[in-house]
Amino acid sequence: MSNNRFASVWDAIAERPEEAANLKLRAELMTTLRVYIVEKKLSQAAAASLFGVTQPRVSDLKRGKIALFSLDVLVKMAADAGFEVGLTVHRAA
């Protein structure tokens, strides 16, 4: 067993830092969208209509199936929900 310490679970499971960064961004967007669905009390069908996707895609989102979503799709879904999505870039420590 290894005693490695990681900044996040994504750093631990990703093979490369850029992959971990992508996973972190997708996870944040997915969490935001799931919270939005709950706060607005949207059915999966209503959320699917709002996001321009199918109901099974909303089910995948709610179940956290991160591998099934690209950043592009999640950014579009967030924009469809009225979110402004931005990105901050800085040098790694």
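Scroll up a little and you will see the structure.
Cut-off values and rules
- Residues numbered from 1 in each chain as written.
- Predicted model: local features only at pLDDT ≥ 70, side-chain atom pairs only at ≥ 80, totals over all residues.
- Heavy atoms only, no water.
- Phe/Tyr/Trp six-rings, centres within 6.5 Å; stacked < 30°, edge-to-face > 60°.
- Helix = DSSP H or I, 4+ residues; strand = E, 2+ residues; numbered from the N terminus.
- Buried < 20%, exposed > 50% of the residue type's maximum accessible area, 1.4 Å probe, protein only.
- Lys NZ or Arg CZ within 6 Å of the ring centre and 35° of its normal.
- Arc of directions from axis to C-beta.

Engineer: Lay out the packing of aromatic side chains in plain terms, naming residues and giving numbers.
Structural biologist: A complete count under the given rule lists 1 aromatic pair for this structure. Measuring from centroid to centroid gives 5.5 Å for Y36 and F83, while their planes differ by 75 degrees, and the two rings are edge-to-face. Of this pair, Y36 sits in helix α2 (residues 17-39) while F83 is found in the segment after α5 (71-80), placing the two residues 47 residues apart along the sequence. Residue classification places Y36 among the buried positions, given a relative accessible area of 15%. Residue class for F83 comes out partly exposed when judged on its relative accessible area of 33%. Over the aromatic face of F69 sits the side chain of R57, whose NZ or CZ is 4.1 Å from the ring centroid.

Engineer: Break down helix α3 (residues 44-51) for me, with residues and values.
Structural biologist: For α3, every residue scored as buried is listed here: A47, A48 and F51. Each buried residue of α3 lies within a common arc of 100 degrees when the element is viewed along its axis, so the set occupies one face. Exposed side of α3, more than 90 degrees from the buried face: A45 and S49 are the residues found there. Positive phi appears at G52, one or two residues downstream of α3, with a value of about 70 degrees.

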